[in-house]
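Listed here are the chains, written in short residue letters.
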Amino acid sequence: DQQVKQNSPSLSVQEGRISILNCDYTNSMFDYFLWYKKYPAEGPTFLISISSIKDKNEDGRFTVFLNKSAKHLSLHIVPSQPGDSAVYFCAASGMTGNQFYFGTGTSLTVIP
Amino acid sequence: EAGVVQSPRYKIIEKKQPVAFWCNPISGHNTLYWYLQNLGQGPELLIRYENEEAVDDSQLPKDRFSAERLKGVDSTLKIQPAELGDSAVYLCASSRGGSTYNEQFFGPGTRLTVL
C-alpha cells in the first residue's frame, strides 16, 4: 500500500514560470517531509524539507507547503529553469526520522 | 567530502546467478540504507543498519537476499540466486544517524539487469 503518492507522473513548464509538484500521504503519523531531485544515472539528492510544525519552508527558488489536514504537500519552483528538469520524489517519515517512504516521482521538464 | 560510493554501476547477469553490490558510505555516517528502485517507482527500503546492526530488514526477501556491514562502515548486498524480477536499481544511502530527521545521502546506484 503506497503511503506517499505523487499522482502526476510528468509535468512540463516554460522557463521562467512556476512549477508546482504535488504529493499526498495517508499516514497521519508522518511528521517530516522531504523533496529529493534525481537526474538520470545519479542517486536522489536532497532538495528541501519541512517539519509538521510548519506549513511553509522556503529556500531560494524552492518553497514547500504542507497542509496537514489535507495530508498534502507541494513543491513550488519559481522561476523554473531548464536545469530543474529532473525527477522529483516526495518522501515522508514518522517520529523516528530514520525510515522514509517515497512517492513514485514526478518528471519535470522545463522548456527553454 | 566524498559522497556515497557504490560499485559496480551496472551489472548484467543471467537468472539463477549470484550477484553482489558494494557500498561505501560517507565517512562518519553511522546509518546505512539499501533501497530497491523499480522503473517508474520511488525507492523502497530493503534494510537499514545502525553501525553494524541491521535494525530494520523487514522488507528484505531473506530467501535470496542477504546483506552485511561487518565493521560498521562498508556494506555488501547479495542476491543468490537472481531472478528476472530482480532487475532494478539498487541504491545505497547513508546518514549521520542518531535520533531524528537525518538527511539521507544517496549513492548513484547499481543498475542490475537479469536476463
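Quantities reported herein were computed from a predicted structural model and do not represent experimental measurements. (Residues numbered from 1 in each chain as written. Chains lettered and ligands numbered in written order. Predicted model: local features only at pLDDT ≥ 70, side-chain atom pairs only at ≥ 80, totals over all residues. Heavy atoms only, no water.)

Peer 1: Mind showing me how you'd approach the overall build of chain A here?
Peer 2: Per the secondary structure count, chain A includes zero helices and eleven strands. For chain A, the succession of helices and strands along the chain, N to C, is β-β-β-β-β-β-β-β-β-β-β. Taken over C-alpha atoms, the radius of gyration comes to 13 Å for chain A, in line with the 13 Å a tight globule of 112 residues would show. Principal-axis analysis of the C-alpha atoms gives chain A an extent of 40 × 30 × 20 Å. Looking at chain A as a whole, 47% of its 112 residues qualify as buried. Within chain A, counting contacts between residues at least 6 apart in sequence, those at least 24 apart form 54% of the total. (Helix = DSSP H or I, 4+ residues; strand = E, 2+ residues; numbered from the N terminus. Rg over C-alpha atoms; globule rule 2.2 N^0.38 Å. Buried < 20%, exposed > 50% of the residue type's maximum accessible area, 1.4 Å probe, protein only. Contact = heavy atoms within 4.5 Å.)

Peer 1: I tried to follow the packing of aromatic side chains on my own but got confused; where do I start?
Peer 2: The relation between two aromatic rings is expressed through the spacing of the ring centres and the mutual angle of the planes. A full pass over the atoms with the stated rule returns 13 aromatic pairs over all chains. Ring centres of Phe 30 of chain A and Tyr 101 of chain A lie 5.5 Å apart, and the angle between their planes is 40 degrees; on these two criteria the pair is classed as tilted. Taken as a pair, Phe 30 of chain A in the loop between strand E3 (19-25) and strand E4 (32-38) and Tyr 101 of chain A in strand E10 (residues 100-102) lie far apart in primary sequence, 71 residues in all. Judged by its relative accessible area of 30%, Tyr 101 of chain A is partly exposed. Three or more aromatic residues joined by ring pairs form one cluster here, namely Tyr 36, Phe 46 and Phe 102 of chain A together with Tyr 33, Tyr 35 and Phe 106 of chain B. (Phe/Tyr/Trp six-rings, centres within 6.5 Å; stacked < 30°, edge-to-face > 60°.)

Peer 1: How should the interface of chain B and chain A be read in this particular structure?
Peer 2: Interfaces are frequently sized by the accessible area removed from exposure as the parts join. Opposite the 24 residues of chain B that make contact, chain A presents 20 residues. Applying the counting rule to chain B against chain A returns three residue pairs in polar contact (both at pLDDT 80 or more). When contributions to the side of chain B that touches chain A are tallied by element, the ones reaching two or more residues are strand E4 (31-37) and strand E5 (44-50) of chain B. Split into classes, the residues belonging to the side of chain B that touches chain A amount to nine nonpolar, ten polar and five charged. (Polar contact = N/O pair within 3.5 Å; in protein donor to acceptor, adjacent residues only side chain to side chain. Nonpolar A, V, L, I, M, F, W, Y, C, P; charged D, E, K, R; others polar.)

Peer 1: Hey, could you run me through the pairing of E4 of chain B in this one?
Peer 2: Every regular strand shows the same layout, with side chains that alternate between the two sheet faces. Residue and element names in this part refer to chain B. Within E4, seven of the seven residues are buried, which leaves it mostly tucked inside the rest of the structure. Note that E4 and E5 share six bridges and pair antiparallel. Among the inter-strand pairings, Leu 36 is bridged to a residue of E5, identified as Glu 44. (Pairing = 2+ DSSP bridges.)

Peer 1: Is there a simple way to think about the sheet that holds strand E8 (residues 75-79) of chain B in this case?
Peer 2: Sheet strands pair by backbone hydrogen bonding; their relative direction is either parallel or antiparallel. All names here are of chain B. Spatially, the four strands line up as an open sheet ordered E1-E3-E8-E7, and their pairing is antiparallel. Each having just a single partner strand, strand E1 (5-7) and strand E7 (65-68) make up the two edges of the open sheet. With strand direction ignored, the average angle separating the axes of adjacent strands in the sheet is 15 degrees. (Axes fitted to C-alpha atoms, helices over the stretch in contact; angles between N-to-C directions.)

Peer 1: What should I look at first to understand the sheet that holds strand E8 (residues 72-77) of chain A in this one?
Peer 2: Residues and elements named next belong to chain A. The strand order E1-E3-E8-E7-E6 describes an open sheet built from five strands, whose pairing is antiparallel. Since the sheet does not close on itself, it has two edges, and those belong to strand E1 (4-5) and strand E6 (56-59), each with one partner. In this sheet, strand E7 (residues 62-67) lies alongside E6 in antiparallel orientation, the contact comprising four bridges. Looking at the pairing, Asn 57 lines up with Val 64 of E7.

Peer 1: Got a minute to help me understand the state of the cysteines in this structure?
Peer 2: Working definition: the covalent bond between the sulfur atoms of two cysteines is a disulfide. Residue and element names in this part refer to chain B. Under the criterion given, the structure shown has two disulfides over all chains. A disulfide bridge connects Cys 23 with Cys 92, and the sulfur atoms are separated by 1.9 Å. A torsion of -70 degrees about the S-S bond marks the disulfide between Cys 23 and Cys 92 as left-handed. Taken together, the residues span a long stretch of sequence, with Cys 23 in strand E3 (residues 19-24) and Cys 92 in strand E9 (residues 88-95) at a distance of 69 residues. The same class applies to Cys 23 as to Cys 92, namely buried. (Disulfide = S-S within 2.5 Å.)

Peer 1: How do you make sense of the environment of Asn 67 of chain A when you look at a structure like this?
Peer 2: Residues and elements named next belong to chain A. Along the chain, the position of Asn 67 falls in strand E7. Separated by eleven residues in the primary sequence, Asn 67 and Lys 56 have C-alpha atoms spaced 9.1 Å apart. Discounting residues that sit within four places of it in the chain, Asn 67 has contacts with Tyr 25 and His 72. A polar contact of 2.7 Å, which involves the side chain of Asn 67, links it to the side chain of Ser 69.

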